[in-house]
Amino acid sequence: MKASSLSKTSRFLFRWILAIAIFLLSFSFAMFQGGFVSWFLFYGLVVVFLFSSIIPFLSIIGLKLKRTVTESNIEVGEVLTIDVIVEKPVYTPFFYYHLSDTTPETFVSERNHQLFSFSFDKQLMLSYEAKALQRGVYQFNETIVHANDLFGLISVKRTLHSDTEIVISPAFYPITNKKALFAYANKADHFHKGLHDDVLSSIRPYISGDRLSKIDWKRSAGVNGLLTKEFETEEDQHVEIVHVAQEVDALEDPIQYEESIKEAVSIHAAFIQDHVHTTIYVYNQEWIRTFVTFNDWRHSLRLFALINPIPTNDTTLPHLEKDQGICFIVTPRYSEMAIDVIRRNVSHQRRVFIVTTEALSQEAVFEVSKAGGQVFIPQYQHTEDRQRGEFYGA
C-alpha cells in the first residue's frame, strides 16, 4: 500500500474513532448526570449526526456536467486549459464537494481537483491546465464528485460523464528551402503570388458550351472569334506525401520514429500554407488515403496523430490511383519497403523524393537513385532547437 493511501486511511479511521469516543462520552455523561440538559445534549448530537449523514446522499441528486477546452486540436508539448462545470439544482443541500477531473495518462496536470464549501451558487467550476506529452486522440470523459458530511465521516461518490475529444498532433517546423521542396518552381512562384488553384496552360478557339468566365476577352479583341483560356487541372499538379515506418523502426528508436512523423507534417504544412492541395497516405491498422485542401487542414492533423507503424509481417503498399505528379516518401531510415514504394511510384511516372530522419549512407543513396528516386533534405529555420512552425488561417 502506498504511503499516501495509508495516511488517508489512518486519518479516516482516526475521525471515526474520535466520533465514537465523543458519542460514548456524551452518553455516559447523560447516564450518570441524569438531568434534562445532559440528555438534551446527547440527543441533539444524535440529531445533528443523522442530519449530517443524510445530506451527502441528497447532494449528488440532479448533478450535471459540462466541460469546455480552449482548443480541441493542439500540438505535443502545448498546454490545454480545461474548465469543468458542475450544475446542481438550486435547492440541493450540501456541506462541501470535492471535484476531481480524470485526465489521460499522457497528460501532465496539476490542480485537477478542488474542494467547494457550501454556497448558493448553481454552478461550481473547476479550471486547470494539462500538458500533452504524446500525440494521439484522447477522451476526457469522467469527473468524480465526492459529497461529504459535516464531520468528514461519510463520503458519497458519483461519477459524471461528458465526452470531450482532444487531438494531439505532432509538432511541425517551418521549412526554409521551399524552392527545392516544391521541385517545380514555376508552380511554386504562381502559388506564392496569386494563391489560385488553377494555372493558365494555353489558349484555344471558343467552342460552344465553354464557360463565359473562361473567355479571354483581351486576346479575343484582336482576332476573329473568341478565345478560351485552358487551365492545368488539379490532377496535373497533385502532390502526394507517404509516411512509411515499420514496427522495428518504432521499437529500436522511438524518438527517430516520432521525428519522421514531424517531418511528414512539416512538408505537408509547407504545401498547404501555399494552397497546394496534397494527398497523404498514412498507416493506421490499414493504409488510409486522404485528399487535403487548405480548409481541411485540421482533419489531416487527426490522421497524423493516429499514425501507427506497419506490422513486420505486413507487406502491403499504399494504393496509387493516379499517374504523374510528385511524391514525397517520409521514413525514419532506409528500408526495403521504402525502396519498394519508390519503385512503385516511379512506375507511375512520378517524381519521387525520399526524406529520412537518419542520415543515409552512400550505398543507400545509390540504391535510392537506382530505384529512380531522389533524396530531399528539409532545412528548418532553426536546425538546432527546431522551433515550431505557425500555421496561419487554418
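Definitions and cut-offs
- Residues numbered from 1 in each chain as written.
- Predicted model: local features only at pLDDT ≥ 70, side-chain atom pairs only at ≥ 80, totals over all residues.
- Heavy atoms only, no water.
- Helix = DSSP H or I, 4+ residues; strand = E, 2+ residues; numbered from the N terminus.
- Buried < 20%, exposed > 50% of the residue type's maximum accessible area, 1.4 Å probe, protein only.
- Contact = heavy atoms within 4.5 Å.
- Areas by Shrake-Rupley, 256 points an atom, 1.4 Å probe, with all protein chains shown as cover.
- Core = buried A, V, L, I, M, F, W, Y, C linked by side-chain atoms within 4.5 Å.
- Pairing = 2+ DSSP bridges.
- Axes fitted to C-alpha atoms, helices over the stretch in contact; angles between N-to-C directions.
- Expected span 1.5 Å × (residues − 1).
- Phe/Tyr/Trp six-rings, centres within 6.5 Å; stacked < 30°, edge-to-face > 60°.
- UniProt positions renumbered as here; feature names shortened; annotations may be inferred.
- Parallel < 35°, antiparallel > 145°, perpendicular 65-115°, else oblique.
- Left-handed = near helix turned anticlockwise from the far one by under 90°.
- Nonpolar A, V, L, I, M, F, W, Y, C, P; charged D, E, K, R; others polar.

1. Notes on the overall build of the protein chain
So, step 1. Along its length, the protein chain carries ten helices and 17 strands.
So, step 2. For the protein chain, the proportion of its 394 residues judged to be buried stands at 42%.
So, step 3. Taking contacts inside the protein chain between residues at least 6 apart in sequence as the whole, the part at least 24 apart equals 69%.
So, step 4. A total of about 22000 Å² of accessible surface is found on the protein chain, and carbon and sulfur atoms cover 57% of it.

2. Looking at the nonpolar core
Soluble globular proteins: nonpolar side chains tend toward being buried together.
So, step 1. Residues L181, I267, F271 and F328 are the most contacted members of the largest nonpolar core, which totals 34 residues.
So, step 2. Counting residues per element, the ones that place at least two in this core are strand 12 (239-243), helix 7 (254-273), strand 13 (278-283), helix 8 (297-305), strand 15 (326-331) and strand 16 (351-356).
So, step 3. Considering every element that reaches this core, the biggest residue donor is helix 7, with nine residues.
So, step 4. Once you skip the residues sitting within four places of it in the chain, F328 turns out to touch L181, V239, E240, I241, V242, I267, F271, F353, V355 and F376.

3. Considerations on the sheet that holds strand 3 (residues 79-87)
So, step 1. Taken together, four strands build an open sheet; the order of strands is 1-3-7-5 and the sheet is antiparallel. Each end of this open sheet is capped by a strand with a single partner; those strands are strand 1 (64-69) and strand 5 (107-110). Ignoring which end each strand starts from, the neighbouring axes of this sheet average 30° apart.
So, step 2. Where strand 1 meets strand 3, six bridges bridge the pair, whose relative direction is antiparallel. What sits directly across from V69, in strand 3, is I82.

4. Focus on the sheet that holds strand 12
So, step 1. Read across the open sheet, the six strands follow the order 14-13-12-15-16-17; overall the sheet is mixed. The open sheet is flanked by strand 14 (287-292) and strand 17 (374-375), the only strands paired with a single partner.
So, step 2. In this sheet, strand 16 lies alongside strand 15 in parallel orientation, the contact comprising six bridges. Pairing of I326 across the sheet is with R351, part of strand 16.
So, step 3. The sheet strands contacting helix 7 are strand 12, strand 13, strand 14, strand 15 and strand 16, and the helix crosses strand 12 at an angle near 170°.

5. With respect to helix 9 (residues 336-347)
So, step 1. In a regular helix each residue adds 1.5 Å, so twelve residues correspond to 16 Å; helix 9 covers 17 Å between its end C-alpha atoms and thus fits that length.
So, step 2. Every buried residue of helix 9 is listed here: M337, A338, I339, V341, I342 and N345.
So, step 3. Where helix 9 is buried, its residues touch strand 12, strand 15, strand 16 and helix 10 (362-371).

6. Description of the side chain of S59
So, step 1. Relative to the elements of secondary structure, S59 occurs in helix 2 (residues 36-59).
So, step 2. When sequence neighbours within four positions are dropped, the list of residues in contact with S59 reads T92, P93, F94, Y97 and A147.

7. Re the packing of aromatic side chains
So, step 1. Tallied over the full model, the rule gives eleven aromatic pairs.
So, step 2. Between the aromatic rings of F107 and F140, the centroid separation amounts to 5.2 Å while the plane-to-plane angle is 75°, which identifies the pairing as edge-to-face. Taken together, the positions of F107 in strand 5 and F140 in strand 8 (residues 136-148) put the pair 33 residues apart, joining distant regions of the chain. An identical accessibility class is assigned to F107 and F140; each is buried.
So, step 3. Aromatic side chains F271 and F328 sit 5.7 Å apart centroid to centroid with 55° between the ring planes, which places their arrangement in the tilted category. Here F271, found in helix 7, pairs with F328, found in strand 15; they are 57 residues apart in sequence, far enough to count as distant. Residue F271 shares its accessibility class with F328, and that shared class is buried.
So, step 4. Taken together, F94, Y97, F118 and F120 form an aromatic cluster joined through their ring pairs.

8. As for the UniProt feature "transmembrane region" (unreviewed entry) in the protein chain
So, step 1. In the numbering used here, UniProt assigns the feature "transmembrane region" (unreviewed entry) to residues 12-34 and 40-63.
So, step 2. Between the first and last C-alpha atoms of residues 40-63 the distance is 37 Å; the span itself is 83% helix and 0% strand.

9. As for the packing of helix 7 against helix 8
So, step 1. The contact between helix 7 and helix 8 brings their axes to 11 Å, and the two run at 165°. One finds that helix 7 runs roughly antiparallel with respect to helix 8. Once helix 7 is placed against helix 8, the crossing between them reads as right-handed. Residue-level contacts link I261, A264, V265, H268, A269 and I272 of helix 7 to W297, S300, L301 and F304 of helix 8.
So, step 2. Class assignment of the residues belonging to the contact of helix 7 with helix 8 gives a composition of eight nonpolar, two polar and no charged.

10. Side note on the side chain of T92
So, step 1. Relative to the helices and strands, T92 resides in the loop between strand 3 and strand 4 (96-101).
So, step 2. When sequence neighbours within four positions are dropped, the list of residues in contact with T92 reads L58, S59, I61 and Y97.

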